[in-house]
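Structural characterization, general
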Amino acid sequence: MRRTKLWLVVALAVVCGGAAGFLTLELLQDRASTETASSPPTTRVVVAARALQPGSVVGRQDVKTVEWPASSASSAFARDVREVVGRGVTAPVSEDEPLLRSKLAGEEAGGGLSVVIPEGMR
């Protein structure tokens, strides 16, 4: 009699544990699918493929485009590779840093020391 009660309690514990595990798994899968479905909108921005030093001219191999959360994408970020290729770098840019138009010289300015030294100081 005592052994039967023990097996009954063990069987009931296994069933309850399995049910709890199954329900937890279902809840976590539903939550994961909801988070995936509601991912924030993104936009493409141009980032540095490698570190860029002041005075260098940006080449096609120096940049890449990545998806960036639209809510944190500044209007100063370059959106198209054609906007930045051929322009001089006026401030250091780290790898994978979005390229800001303020860190680049004008379109026809070129590179070298002349783009780093401000007007009136040359």
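Treat the numbers as computed from the prediction; the structure is a model and nothing was measured.

1. Considering the overall build of the protein
- When you go through the protein residue by residue, the secondary structure sums to three helices and two strands.
- Its helices and strands taken in sequence order, the protein reads α-β-β-α-α from the N to the C terminus.
- Burial statistics for the protein: of 122 residues in total, 21% are counted as buried.
- Of the contacts made within the protein by residues no fewer than 6 positions apart, 55% connect residues no fewer than 24 positions apart.
- Carbon and sulfur atoms make up 62% of the accessible area of the protein, which amounts to about 8500 Å² in all.

2. A closer look at the packing of aromatic side chains
- Tallied over the full model, the rule gives one aromatic pair.
- Aromatic pair Trp68 and Phe77: ring centres 5.8 Å apart, planes at 85 degrees, arrangement edge-to-face.
- Residue classification places Trp68 among the partly exposed residues on the basis of a relative accessible area of 23%.

3. Focus: the environment of Ser71
- The residue Ser71 is located in the loop between strand E2 (63–69) and helix H2 (81–84) in this model.
- With a relative accessible area of 75%, Ser71 lands in the exposed category.
- Sequence-wise, Ser71 and Thr42 are 29 residues apart; in three dimensions their C-alpha atoms are separated by 7.9 Å.

4. Re the pattern of salt bridges
- According to the stated counting rule, one finds six salt bridges in the structure shown.
- Between Glu97 and Lys103 there is a salt bridge; the shortest N-O distance is 2.6 Å.
- Taking relative accessible area as the criterion, Lys103 reaches 19% and is therefore assigned buried.

5. Observations regarding unusual backbone geometry
- Although it is not a glycine, Asp96 sits at a positive phi angle of roughly 65 degrees.
- By secondary structure assignment, the location of Asp96 is in the loop between H2 and helix H3 (113–116).

6. Quick word on a nonpolar patch on the surface
- Among the surface-exposed residues, Leu6, Trp7, Val10 and Val14 lie close enough to one another that they form a single nonpolar patch of about 440 Å² accessible area.
- Along the chain, the position of Trp7 falls in helix H1 (residues 2–37).
- Given a relative accessible area of 59%, Trp7 falls into the exposed group.

Scoring rules and cut-offs
Residues numbered from 1 in each chain as written. Predicted model: local features only at pLDDT ≥ 70, side-chain atom pairs only at ≥ 80, totals over all residues. Heavy atoms only, no water. Helix = DSSP H or I, 4+ residues; strand = E, 2+ residues; numbered from the N terminus. Buried < 20%, exposed > 50% of the residue type's maximum accessible area, 1.4 Å probe, protein only. Contact = heavy atoms within 4.5 Å. Areas by Shrake-Rupley, 256 points an atom, 1.4 Å probe, with all protein chains shown as cover. Phe/Tyr/Trp six-rings, centres within 6.5 Å; stacked < 30°, edge-to-face > 60°. Salt bridge = Lys/Arg side-chain N within 4 Å of Asp/Glu carboxyl O. Patch = residues over 30% accessible without salt bridge, like charges linked within 9 Å, V, L, I, M, F, W, Y side chains within 5 Å.

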